[in-house]
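Coordinates in review
Here's the letter readout for the chains.
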Amino acid sequence: MQSSLSAETLKLKSTFALWMAVLAPCALISMYFLAFWAKGENLVNKEVGAWVSFGMNNFIVYTQLLMPVFIALLTSMTNGIEHKANGWKHLYALPLPKSTVYFSKVLITLGLVLLSTVVFIVALIMAGTVLNWLRPELGFGTYEKLDIIIFSSFKIFLASVVIIAIQFWLSIRFNSFALAMGVAIVAIITTLVANRWEYINYYPFAYPLMVMKGFMKKEYQVFTEEVVLSMVVGCVVFILGYLDVARKKVL
């Protein structure tokens, strides 16, 4: 497993996946950094404070728009390299079990999304700190509510496991970037339209958004319904994806 993980890590150098994991959250936070710098007095909700207001604005875009697209791009890049030049045939010709190859890619993908989550937190804290220097009147001088932002960020990652699993399977099963992006766009539209649907808690692509609603309520419970469903269903999808891979001689 270790050698397979090392090989997958080296392959990242030939893709934009690692850079995207770092740049995507930074781009989002930079956008809101500029917005709060220019019009912070209109964006800060004094009832919840500057940090929660800043986190809430970032979370809304992150969970509804950025995350589905980011995961679709990431999984397409991670597995797309194998679809080129008959890479799967070469990969499965190596003296390694298919399970090792498959789950190494799973771990690398999950690791990249987790890295992006860490970058998101660090960039958000840095942006808030700089805003405190530039606009001290906004209220970024106190860090007392920063814990809920960090907590919710990691919870959003857990709630996205099922999305990662679905897009990962699609990216292995089909050599189509358009399909992955199509699924992501449909997911964004349906989540926005069905936001208030009574059965939205059974729609996997809405789980990160449900965590964001918990953030607004300052909910500190980790294993809420959406997180448990995401992790359980995500594991099932990963296993089904492996069984689909295992029954094929060459992908």
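Another point: the overall build of the protein. Broken down by element type, the protein carries 10 helices and 0 strands. Mapped in sequence order, the helices and strands of the protein form the string α-α-α-α-α-α-α-α-α-α. When the 251 residues of the protein are sorted by exposure, 48% land in the buried category. A separation of at least 24 residues holds for 82% of the contacts in the protein among residues at least 6 apart in sequence. Summing over all exposed atoms, the protein offers an accessible surface of approximately 12,200 Å²; the carbon and sulfur share of this is 70%.

What the rule picks out here adds up to 3 salt bridges. Its salt-bridge partner being Glu-41, residue Arg-135 comes within 2.7 Å of it at the nearest N-O pair. Remark: Glu-41 occurs in helix H2 (residues 17-43) and Arg-135 occurs in the loop between helix H5 (98-134) and helix H6 (146-159); sequence separation between them is 94 residues. Judged by its relative accessible area of 45%, Glu-41 is partly exposed. The residue Glu-137 makes a salt bridge to Arg-135 at a minimum N-O spacing of 2.4 Å. In this structure, a network of salt bridges that share partners links the residues Glu-41, Arg-135 and Glu-137.

What follows concerns a nonpolar patch on the surface. A cluster of nonpolar residues, Val-222, Phe-223, Val-228, Val-232, Val-233, Val-236, Ile-239, Leu-240 and Leu-243, forms a patch on the protein surface that exposes about 730 Å² of accessible area. Note on placement: Val-228 falls in helix H10 (residues 225-246). On the basis of relative accessible area, Val-228 is assigned to the partly exposed category, the value being 36%.

Moving on, we come to H2. For H2, which comprises 27 residues, the first-to-last C-alpha distance of 32 Å sits more than 12% below the rise-based estimate of 39 Å (1.5 Å per residue). In the structure, H2 departs most strongly from a straight axis at Trp-37, where the bend amounts to approximately 70 degrees.

Here Thr-129 is to be found in helix H5. A polar contact of 3.1 Å, which involves the side chain of Thr-129, links it to the side chain of Tyr-143. Not counting residues up to four positions away in its chain, the partners in contact with Thr-129 are Trp-51 and Tyr-143.

One pass over the full model with this rule turns up 17 aromatic pairs. Residues Tyr-102 and Phe-103 carry aromatic rings whose centres are separated by 5.0 Å and whose planes lie at 85 degrees to one another, so their mutual orientation is edge-to-face. Ring-pair connections join several aromatic residues into one group, and the members of that group are Phe-36, Trp-51, Phe-54, Phe-140 and Tyr-143. It is Arg-173 that lies over the ring of Phe-174; its NZ or CZ is 5.7 Å from the centre.

This part covers the side chain of Ser-153. Looking at where Ser-153 falls in the secondary structure, it is placed in helix H6. Under the relative-accessibility criterion, Ser-153 is labelled buried at 2%.

Ranked by internal contacts, the top residues of the largest apolar core, which has 61 residues, are Phe-54, Phe-70, Phe-140, Ile-149 and Phe-238. Going through the elements one at a time, H2, helix H3 (50-83), H5, H6, helix H7 (161-173), helix H9 (207-216) and H10 are the ones with two or more residues in this core. Element by element, the count of residues in this core is highest for H3, at 12 residues. Once you skip the residues sitting within four places of it in the chain, Ile-149 turns out to touch Trp-51, Val-52, Gly-55, Phe-59, Leu-124 and Phe-215.

This next bit is on the packing of H6 against H10. Packed helices, taken two at a time, are described by the angle between their axes plus the distance between the axes. Two elements in contact, H6 and H10, have axes separated by 8 Å at closest approach and are oriented at 40 degrees. Put simply, H6 runs oblique to H10. The residues of H10 that touch H6, namely those facing Lys-155, Leu-158 and Ala-159, are Glu-226, Val-227, Ser-230 and Met-231. When the residues that make up the contact of H6 with H10 are grouped by side-chain class, the tally is 4 nonpolar, 1 polar and 2 charged.

One way to put it is that H6 packs onto H9 with a least axis distance of 8 Å and a crossing angle of 160 degrees. Between H6 and H9, the interaxial angle falls into the category roughly antiparallel. Handedness of the H6/H9 crossing: right-handed. Two secondary-structure elements touch here, H6 through Ile-148, Ile-149, Ser-152, Lys-155, Ile-156 and Ala-159 and H9 through Tyr-207, Pro-208, Val-211 and Phe-215.

What counts and what doesn't
- Residues numbered from 1 in each chain as written.
- Predicted model: local features only at pLDDT ≥ 70, side-chain atom pairs only at ≥ 80, totals over all residues.
- Heavy atoms only, no water.
- Helix = DSSP H or I, 4+ residues; strand = E, 2+ residues; numbered from the N terminus.
- Buried < 20%, exposed > 50% of the residue type's maximum accessible area, 1.4 Å probe, protein only.
- Contact = heavy atoms within 4.5 Å.
- Areas by Shrake-Rupley, 256 points an atom, 1.4 Å probe, with all protein chains shown as cover.
- Salt bridge = Lys/Arg side-chain N within 4 Å of Asp/Glu carboxyl O.
- Patch = residues over 30% accessible without salt bridge, like charges linked within 9 Å, V, L, I, M, F, W, Y side chains within 5 Å.
- Expected span 1.5 Å × (residues − 1).
- Bend = angle between axes of the 7 residues up to and from the residue.
- Polar contact = N/O pair within 3.5 Å; in protein donor to acceptor, adjacent residues only side chain to side chain.
- Phe/Tyr/Trp six-rings, centres within 6.5 Å; stacked < 30°, edge-to-face > 60°.
- Lys NZ or Arg CZ within 6 Å of the ring centre and 35° of its normal.
- Core = buried A, V, L, I, M, F, W, Y, C linked by side-chain atoms within 4.5 Å.
- Axes fitted to C-alpha atoms, helices over the stretch in contact; angles between N-to-C directions.
- Parallel < 35°, antiparallel > 145°, perpendicular 65-115°, else oblique.
- Nonpolar A, V, L, I, M, F, W, Y, C, P; charged D, E, K, R; others polar.
- Left-handed = near helix turned anticlockwise from the far one by under 90°.

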